[in-house]
Amino acid sequence: MKKYLIPVIALSFLLGACGAKNTDGDVTRYETYYRAIEENTKYITASENYTISAEMTQWDDGTYRYYLIFDEPRISMYDIVIMAVEDNRPYEEAIKMMPSSGIFDATSSMIPNQVNSKAGFVKGLIISGECDEQPVELDIMVEWKDRSGKNVTREFITMELGMEGIISGGEEETPQGDQN
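Residues numbered from 1 in each chain as written. Predicted model: local features only at pLDDT ≥ 70, side-chain atom pairs only at ≥ 80, totals over all residues. Heavy atoms only, no water.

> Now, about unusual backbone geometry: what can you tell me, with residues and values included?
The linkage connecting Q134 with the following residue, P135, adopts the cis geometry, with an omega of 5 degrees. Non-glycine residue D79 carries a positive phi angle of around 50 degrees. Tracing the chain through its elements places D79 in strand β3 (residues 77-86). One non-glycine residue with positive phi stands out, namely N113, at about 60 degrees. On the accessibility criterion, N113 (83% relative accessible area) is exposed. (Helix = DSSP H or I, 4+ residues; strand = E, 2+ residues; numbered from the N terminus. Buried < 20%, exposed > 50% of the residue type's maximum accessible area, 1.4 Å probe, protein only.)

What follows is the structure, encoded as structure tokens:
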């Protein structure tokens, strides 16, 4: 009986490993995106390619949860990755995962006036995070590809968010360079 048990256990581990997601690669991607935000020096306060809205709520335990909504695309955006870093916190000092989309889960795409969630074409994307104090300063990276998948665009957005909504940055101000 023992001689049959060992191969069965070994086969179980082998089959389990084949179906496992590559979490090491995802963690490396997470760190790469985090460091891109950390090292970026030029931020905009809004995008010409989509809208950003946000809200914050307070929980019974005194902490806050915030939601960042990216929708109403004005261009076709494929394989979108979004990440936000709170309060300029360096990667080495981060004690929690920062909110993201498209790193640990599948990427989505947004196309103006088209929604087919089964095919990965969504109306909008939401990321959320928790913080102990408000307001919170958020540095956000939004990355997407064009239809061919060859050209990658990244935007770095900054905003301050409190219980009353976006305090600075986000959709309340004009993008840098478009000030009239």
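> Can you lay out the nonpolar core for me, pointing to particular residues and giving the numbers?
L68, F70, I140, V142 and L161 are the most contacted members of the largest nonpolar core, which has 26 residues in total. Broken down by secondary-structure element, the contributors of at least two residues to this core are β1 (51-58), β2 (64-71), β3, β6 (124-131), β7 (136-145) and β8 (152-162). Top element by residues in this core is β7. It accounts for five residues. Not counting chain neighbours up to four residues away, the residues in contact with V142 comprise Y50, F70, M77, I80, V81, I82, T153, R154, E155 and I157. Residues V81, M83, I103 and F156 belong to the second largest nonpolar core, which totals 13 residues. (Core = buried A, V, L, I, M, F, W, Y, C linked by side-chain atoms within 4.5 Å. Contact = heavy atoms within 4.5 Å.)

> Give a description of helix α2 (residues 23-39) that names residues and reports values.
Compared with an ideal rise of 1.5 Å per residue, which puts 17 residues at 24 Å, α2 spans 24 Å between its outermost C-alpha atoms and is within 8% of the ideal. Of all the residues in α2, the buried ones are D26, Y30, Y33, Y34, A36 and I37. Relative to the axis of α2, the buried residues are bounded by an arc of 155 degrees and lie together on one face. The exposed set on the far side of α2, more than 90 degrees from its buried face, consists of D24 and E39. (Expected span 1.5 Å × (residues − 1). Arc of directions from axis to C-beta.)

> Go over the sheet that holds β2 with me, naming the residues and quoting the values.
Spatial strand order, β1-β2-β6: three strands in an open sheet with antiparallel pairing. Strand pairing shows two members of the sheet lacking a second neighbour, β1 and β6, which therefore form its edges. Pairs of neighbouring strands in the sheet enclose a mean axial angle of 15 degrees, with direction left out of account. In this structure, β1 lies alongside β2, joined through eight bridges in antiparallel fashion. Counted as the bridge partner of Q58 is Y64 from β2. (Pairing = 2+ DSSP bridges. Axes fitted to C-alpha atoms, helices over the stretch in contact; angles between N-to-C directions.)

> Explain the packing of aromatic side chains to me, and be specific about the residues and the numbers.
Summed over the entire model, instances satisfying the criterion amount to eight aromatic pairs. Summarising the aromatic geometry, the rings of Y34 and Y91 are spaced 5.2 Å apart at their centres and angled 75 degrees between planes, so their arrangement reads as edge-to-face. Placement of Y34 in helix α2 and of Y91 in the loop between β3 and β4 (100-101) is noted, with a sequence separation of 57 residues between them. Y34 gets classed as buried once you look at its relative accessible area, which sits at 1%. Judged by its relative accessible area of 21%, Y91 is partly exposed. (Phe/Tyr/Trp six-rings, centres within 6.5 Å; stacked < 30°, edge-to-face > 60°.)

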